[in-house]
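# Observations on the three-dimensional arrangement
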Amino acid sequence: MPVLAADRATIARAAELLRAGRLVAFPTETVYGLGADASNDTAVADIFAAKGRPSFNPLIVHVADLAQAEQLGIFSETARRLAVHFWPGALTLVVPRRPHIDLSLLVSAGLETVALRVPSAPVIRALLDRSGRPIAAPSANRSGLISPTRAEHVAESLGVQVDLILDGGPTPLGLESTVIGCVGADPVMLRPGAIAREELEAIAGPLRRAQGAILSPGQLASHYAPRAKLRLGARSVTRGEALIGFGTDLPSGASHVFNLSPRADLREAAANLFAMLHAADAVSTQIAVVPIPAHGLGEAINDRLARAAAPKDVA
Ligand code: TXA
Ligand code: MG
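Residues numbered from 1 in each chain as written. Chains lettered and ligands numbered in written order. Predicted model: local features only at pLDDT ≥ 70, side-chain atom pairs only at ≥ 80, totals over all residues. Heavy atoms only, no water.

## A few points about the sheet that holds strand β8 (residues 164-167)
Basically, it comes down to this: Each pair of strands is called paired provided DSSP finds at least two bridges between the two strands. Runs of H or I in DSSP of at least four residues are treated as helices and runs of E of at least two as strands, each being numbered from the N terminus.
In space, the eleven strands of this open sheet follow the order β1-β8-β2-β3-β7-β4-β6-β5-β9-β10-β11, with mixed pairing throughout. Looking at strand neighbours, the two that pair on one side only are β1 (3-5) and β11 (208-209), the edges of this open sheet. As defined by bridge partners, strand β2 (residues 24-27) adjoins strand β3 (residues 32-37) across four bridges and the pair is classed as antiparallel. Note that in β3 the partner of Phe26 across the bridge is Gly33.

## Brief notes about unusual backbone geometry
So the rule is basically this: For every residue, the accessible area (1.4 Å probe, protein chains only) is compared with the maximum for its type, and the residue is labelled buried under 20%, exposed over 50%, or partly exposed between those bounds.
Omega for the bond connecting Trp87 with Pro88 falls within 30 degrees of zero, at -5°, which places this linkage in the cis form. Phi at His100 takes a positive value of approximately 55°, unusual for a residue other than glycine. Here His100 lies in the loop between β5 (91-96) and β6 (113-117). Relative accessible area serves as the criterion here: at 83%, His100 is assigned to the exposed category. A positive phi is found at Ala264, a non-glycine position, where the angle reads about 55°. Mapped onto the fold, Ala264 is located in the loop between β14 (257-259) and α8 (266-283).

## Concerning helix α5 (residues 122-131)
Note the threshold: The arc in question is the one spanned by the directions pointing from the helix axis to the C-beta atoms.
Looking only at α5, the buried set comprises Val123, Ile124, Leu127, Leu128 and Ser131. Down the axis of α5, the buried side of the element spans an arc of 140°, and every buried residue falls inside it. Summarising the geometry of α5, the exposed residues directed more than 90 degrees from the buried face are Pro122 and Asp129.

## Concerning the pattern of salt bridges
For clarity, the threshold we go by: Put simply, a salt bridge is a Lys or Arg side-chain nitrogen that is within 4 Å of an Asp or Glu carboxyl oxygen.
A full pass over the atoms with the stated rule returns 16 salt bridges. The closest approach of N and O atoms between Asp265 and Arg263, which form a salt bridge, is 3.4 Å. Classification of Asp265 by relative accessible area gives partly exposed; the value is 24%. Here Arg263 falls in the exposed class, since its relative accessible area comes to 59%. Of the charged contacts, one joins Arg304 and Asp303 as a salt bridge, the two residues approaching to 2.6 Å between their closest N and O atoms. Through salt bridges that share partners, Glu176, Arg197, Glu201, Arg209, Glu299, Asp303, Arg304 and Arg307 make up one connected network.

## Let's talk about the side chain of Asp37
Our working rule: Whenever two N or O atoms come within 3.5 Å, that pair is a polar contact, provided that in protein one can donate a hydrogen and the other can accept it, and provided that, for residues adjacent in sequence, both atoms are side-chain atoms. We call two residues contacting when some pair of their heavy atoms lies within 4.5 Å.
Mapped onto the fold, Asp37 is located in strand β3. The exposure class of Asp37 is buried, given its relative accessible area of 2%. Here Arg133 takes part through its side chain, which lies 2.6 Å from a polar atom of the side chain of Asp37. Leaving out residues up to four positions away in the same chain, Asp37 has contacts with Leu18, Ala43, Val44, Arg133 and Pro134.

## Notes on the packing of aromatic side chains
This is how it is decided: To pair, rings of Phe, Tyr and Trp, with the six-membered ring standing in for Trp, must have centres within 6.5 Å; the planes then decide the type, stacked if under 30 degrees apart, edge-to-face if over 60, and tilted in the middle.
Using the criterion set out here, one finds one aromatic pair in the structure. Seen in terms of ring centroids, Phe75 and Trp87 are 6.0 Å apart; in terms of plane orientation they differ by 70°. Their pairing is edge-to-face. Separated by twelve residues along the polypeptide, Phe75 in the loop between α3 (66-72) and α4 (77-86) and Trp87 in the loop between α4 and β5 bring together distant segments of the chain. A relative accessible area of 11% means that Trp87 is categorised as buried.

## Examining the pairing of β3
Burial analysis of β3 places six of its six residues in the buried class, the great majority of the element. A loop of four residues connects β2 with β3, the two strands running antiparallel in sequence. Summarising the sheet, β3 and strand β7 (residues 135-136) pair through two bridges and their orientation is antiparallel. If you follow Asp37 over to β7, its bridge partner there is Ile135.

Here's what the structure looks like:
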């Protein structure tokens, strides 16, 4: 699994591999994705195998633009409004699948819907352009573990299962896309993510937070899990704990300190979250995390932290 700097030549090679049904990892603006040609059943099945992913968990299909998305899914007026406003970008829309399309049934994992995203990061856009295919891509980590925001994370987590890892540096947003379901009458927040609820509600109106495994199978209780034990909402540190902090007023006594954002900026914290979970996990078996505000990107940060702290036997 070579890790190669993303440039014209390596992107062209990656596009060829995708067209040949192979797996390629690449940076998007959110996290690194593990991609395959979404119209190739065997290639999509290989994603599930490489991630060790429960087969009931459907995948996001990345496409070049709204026109390509509308060939695969049926867009309501609200879905189209959201797409026009936020694409290309960190928004995934779950919409009804069109019948008789050239798209693996496995990406929908048995559901009658499909999750679609038009990404903005240059490497994945070039891959969509060069390959001419829709690209199915979950985050490029073993199922249930921390999402990758750097090429090294992908190499450590998936290594041998991937034919090529394109290194485009750290991903700018650092959290997965926000997933909105536009299937019934009202749009539903299926997964908080890199675009904050407030921004989306300004365009789509109030978003209900979906509960339950059927609507969004990826929302397992234990996910993004480090090996270490995580203690949330910590206002003090006990001996031997590493600390994940936010802002300037941090409890003292930690073995190691990783500050998500010394200037208490939620965007900076989101971008640092997974890399700091990786780093803290490497130096300690116990990690304390200070309280993180709930507004804006804090909703998604707290969602990921709660899953990272959940008992691991649940998933
Ligand atoms: O930022 C991202 O979204 C990254 C990059 C690579 O694009 N991808 C990503 O994919 O996070 P993944 O597979 O790790 O998460 C996809 C989420 C899961 O929670 C899954 O259950 C949900 O989207 N999802 C996918 N298809 C769905 C569907 N048809 N109905 C409901 N939820 C769906
Ligand atoms: Mg994931």
